[in-house]
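Single-letter residue listing:
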Amino acid sequence: MEHELPLAQQVATPNLVAHYMSRIWNLNPLVNAVVEACAPEEEEAAEQDSFTEEQIISKAFFGLPFLVKDSLDVLGFHTTCGASVYEHNASADGDCKLVALLKKLRAIPIGKTNVPFLSQDMQTFNEVYGTTFNPYDAKLSSGGSSGGSAAAIALGLAAFAIGTDWNGSLRIPAAFCGVSSLRASRGRLTVDGSDRVLPHIPPNPCLTGEILVSGIFTRTVEDLKFLMSTLLPFLPSGEFQEDEESSFLGGAVNVGVWTSFNGVPLDTRIRDCMEAIPSMLEASNVAVNNSRLVVRAELTNGPSLDMARLHKALQVFTHNWDEFDVELSSDRTIKLEAALAVQYEGGTEVDRFLKFSGYAAVLTPVSAVLPHEHNYEHRPFKVNGVDVPYWRALTGYVAPFSVTGNPVVTMPLCVIDGRPCGIQVVGRRGCDRHLLDICAYLEQQFAYKGHLHMN
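Worth saying up front: this structure is predicted, and the values here are computed from it rather than measured.

Chemist: For this particular structure, what's the right way to read the overall build of the chain?
Modeler: Helix and strand content of the chain: 15 helices and 18 strands. Considering the chain as a whole, with its 455 residues, one finds that 60% of them fall into the buried category. Once local pairs closer than 6 in sequence are excluded, the contacts in the chain between residues at least 24 apart make up 76%. Of the roughly 17,700 Å² of accessible surface on the chain, a fraction of 51% belongs to carbon and sulfur atoms.

Okay, here's the thing in structure tokens:
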């Protein structure tokens, strides 16, 4: 079936929009991931044509249908962000920045995906469109706040989907739904006050630490690599330059496995699977593109990060965004300057650790728990028999890298008791391409068997 082909093979496939629209009509009721869908008439007509080789080369994503999180504007679609106050808004009269770029490359937006109220939860439910269910089990959460996008890709409702992330909103849904995502290096896909997004954010990126980013969900890392290899040259490089020394193709690569974040618990089933990664990769050789790579992993205690200060900085960057339009008080200015200092120190420490440990990346959990049953009341989770607060259990592992600005690929590792288990793979700032390369190799070694196959 077309939706199971690599994205590179789906480009310029005739009738691809019709294929995915049919899947939305037939399968979306199982999960309630897509809240608005429509195939542009002119694009439907265009995809009936035969495509020349020149068209395919110049329009890299020709005919690929994609979905967009319902916090980002897409021309002709409504943006409600899960809030009844926006339910009757007129359709958008323009595109957010990432959608505009994708359309220039001739990808086709075909719908919007569900979010929690104002994108402010790690689950996906709201009073306008209801709850999005996990494709693996309707009793389970799809994660949030980009849960609709992740669930849609897990079910094959589009070639790829867009989400956003400020505290795990790409990474947690990807892990819970068994798909892949990239949170790019800070500055590459930052959503700022000039972008078309709800809720509105301050125009000055320094006020938010540039922690809110857009990103892409795909079924596999290889698909993610295909998309990002084309997109990255169009994106700002940000403050970090790609380090040629981090290239490893054709050689030996070491990665660290870090499961012991200070003060953050972890389900022993996740820990056991992650701590088995070194033996899984031991002395393994993978042949890709005529290159051979030996990937080795070892357990590590990770970089010396002050988790408490990083979490405090995150709160400063995200607290009362609607109040930043007024003149900052001296107290708020002091807190902001301290948060920016913590951000700089944290990112520098992660990069230093990776460079001097010799690791191409470090692998960490995404959350303390596996996909959980719907928890609308935010009750504490039982982790190894101990009550752990809702936000700490879900975001304790993702929050530090929201602040540091390191690129993070989330990818599936395994299925535990019928529930997907994903991991974060964290690289050096600016080295997004190399991080995607290493994750593509890891994907082959993990040989994830949990992808859903629903025709």
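Chemist: Can you help me understand the side chain of Arg183 in this one?
Modeler: Locating Arg183 in the fold gives a position in strand β9 (residues 180-183). Assessed through its relative accessible area of 2%, Arg183 is described here as buried. Not counting the four nearest positions on each side in its chain, Arg183 is found in contact with Asp165, Trp166, Leu170, Arg171, Ile211, Val213, Phe401, Ser402, Asn406, Pro407 and Val408.

Chemist: Honestly, the nonpolar core in this entry has me stumped. Any pointers?
Modeler: Nonpolar side chains in soluble globular proteins tend to end up buried together. Within the largest apolar cluster, 132 residues are counted, with the highest numbers of intra-cluster contacts made by Phe160, Met228 and Leu363. Per-element accounting of this core gives the leading share, 7 residues, to helix α15 (residues 432-446). With near-sequence residues (within four places) excluded, Phe160 lies in contact with Leu7, Leu64, Pro65, Phe66, Leu67, Leu102, Ala107, Ile153, Ile216, Phe217, Thr218 and Leu227.

Chemist: Hey, could you run me through the packing of helix α11 (residues 307-318) against helix α12 (residues 330-357) in this one?
Modeler: Two packed helices can be described by the angle between their axes and the distance between those axes. It is the contact of α11 with α12, at a shortest axis distance of 9 Å, that shows an interaxial angle of 130 degrees. One finds that α11 runs oblique with respect to α12. At the point where α11 passes α12, the crossing takes the left-handed sense. Where α11 approaches α12, its residues Arg309, Leu310, Ala313, Val316 and Phe317 are matched on the opposing element by Lys335, Leu336, Ala339, Leu340, Val342, Gln343 and Glu345.

Chemist: Even after reading the chapter, I still don't get the packing of aromatic side chains, so can you show me in this structure?
Modeler: Any pair of aromatic rings gets described here by the distance separating the centres and the angle formed by the planes. Tallying each qualifying case throughout the model produces 9 aromatic pairs. Aromatic side chains Phe125 and Tyr376 sit 4.6 Å apart centroid to centroid with 80 degrees between the ring planes, which places their arrangement in the edge-to-face category. In this pair, Phe125 is assigned in strand β4 (residues 125-126) and Tyr376 in the loop between β14 (359-365) and β15 (381-383), connecting sequence segments 251 residues apart. With a centroid separation of 5.7 Å and 20 degrees between ring planes, the pair formed by Phe381 and Tyr390 is classed as stacked. Assigned by exposure class, Phe381 and Tyr390 land together as buried.

Chemist: Explanation requested: the environment of Glu2 in the structure shown.
Modeler: Position of Glu2 among the secondary structure elements: in the segment before α1 (7-10). Sequence separation of Glu2 and Asn15 is 13 residues, and the distance between their C-alpha atoms is 9.9 Å. Ignoring sequence-local partners within four residues, the contact set of Glu2 consists of Gln10, Thr13, Leu16, His19 and Tyr20.

Chemist: Any chance you could explain unusual backbone geometry here in plain terms?
Modeler: Peptide bonds are trans in most cases, and residues, glycine excluded, mostly fall at negative phi. The residue after Gly144, namely Ser145, is reached through a cis peptide bond having omega 5 degrees. Here Ser145 lies in the loop between β7 (137-141) and α6 (147-154). The linkage connecting Leu198 with the following residue, Pro199, adopts the cis geometry, with an omega of -10 degrees. Inspection of the secondary structure puts Pro199 in the loop between β9 and β10 (213-218). In this structure, His378 takes a positive phi of about 60 degrees despite not being glycine. Turning to its location among the elements, His378 is positioned in the loop between β14 and β15.

Chemist: Which parts of the structure should I look at to understand the pattern of salt bridges?
Modeler: Close approach of charged atoms allows side chains with opposite charge to pair. Tallied over the entire structure, the rule returns 18 salt bridges. The salt bridge partner of Asp165 is Arg171, with a shortest N-O separation of 3.0 Å. For the pair shown, Asp165 and Arg171 are each scored as buried. Between Arg309 and Glu345 there is a salt bridge, and its shortest N-O distance comes to 3.2 Å. Taken together, the residues Arg309 in helix α11 and Glu345 in helix α12 connect sequence positions 36 residues apart. One connected set of salt bridges, linked through shared partners, spans Asp73, Asp93 and Arg196.

Chemist: Teacher, can you tell me more about the side chain of Gln10 here?
Modeler: With respect to the helices, strands and loops of the structure, Gln10 is situated in helix α1. Overall, the relative accessible area of 1% leaves Gln10 in the buried class. Apart from residues no more than four positions distant in its own chain, Gln10 is found in contact with Glu2, His3, Leu5, Leu16, Tyr20, Leu64 and Ala159.

Chemist: What exactly am I supposed to notice about the confidence of the model for the chain here?
Modeler: Caution is warranted with low-pLDDT regions, since their predicted coordinates should not be read in detail. When the pLDDT values of the chain are averaged, the result is 90; 90% of them are 70 or greater. Contacts of residues 42-49 to residues separated by more than four positions or lying in other chains number 12 contacts, the stretch itself having pLDDT below 50.

Chemist: Explanation requested: the pairing of β7 in the structure shown.
Modeler: The two faces of a sheet get side chains in turn, since along a regular strand they alternate between them. Two strands pair when backbone bridges link them, and strand β6 (residues 133-134) and β7 are joined in this way by 2 bridges, in the antiparallel orientation. Paired with Asn134 across the strands is Asp137, a residue of β7. In this structure, the hairpin formed by β6 and β7 is closed by a connection of 2 residues.

Chemist: Sorry if this is basic, but what is going on with the packing of helix α8 (residues 221-231) against α15 here?
Modeler: Across the interface, α8 lies against α15 with an axial gap of 9 Å and an inter-helix angle of 160 degrees. Between α8 and α15, the angle is such that the two are roughly antiparallel. Crossing angle aside, the handedness with which α8 passes α15 is left-handed. Note on element contacts: α15 touches α8 through Arg433, Leu436, Asp437, Cys439, Ala440 and Glu443, opposite Val221, Glu222, Leu224, Lys225, Met228 and Ser229. Looking at side-chain class alone, the contact of α8 with α15 contains 6 nonpolar, 1 polar and 5 charged residues.

Chemist: Explain the environment of Ser141 here, please?
Modeler: Summarising the element assignment, Ser141 is placed in strand β7. The sequence separation of Ser141 and Tyr376 amounts to 235 residues, and the corresponding C-alpha distance is 10.0 Å. In terms of polar contacts, Ser141 uses its side chain to reach the backbone amide nitrogen of Gly143, at 2.8 Å.

The rules behind these values
Residues numbered from 1 in each chain as written. Predicted model: local features only at pLDDT ≥ 70, side-chain atom pairs only at ≥ 80, totals over all residues. Heavy atoms only, no water. Helix = DSSP H or I, 4+ residues; strand = E, 2+ residues; numbered from the N terminus. Buried < 20%, exposed > 50% of the residue type's maximum accessible area, 1.4 Å probe, protein only. Contact = heavy atoms within 4.5 Å. Areas by Shrake-Rupley, 256 points an atom, 1.4 Å probe, with all protein chains shown as cover. Core = buried A, V, L, I, M, F, W, Y, C linked by side-chain atoms within 4.5 Å. Axes fitted to C-alpha atoms, helices over the stretch in contact; angles between N-to-C directions. Parallel < 35°, antiparallel > 145°, perpendicular 65-115°, else oblique. Left-handed = near helix turned anticlockwise from the far one by under 90°. Phe/Tyr/Trp six-rings, centres within 6.5 Å; stacked < 30°, edge-to-face > 60°. Salt bridge = Lys/Arg side-chain N within 4 Å of Asp/Glu carboxyl O. pLDDT = per-residue confidence, 0-100. Pairing = 2+ DSSP bridges. Nonpolar A, V, L, I, M, F, W, Y, C, P; charged D, E, K, R; others polar. Polar contact = N/O pair within 3.5 Å; in protein donor to acceptor, adjacent residues only side chain to side chain.

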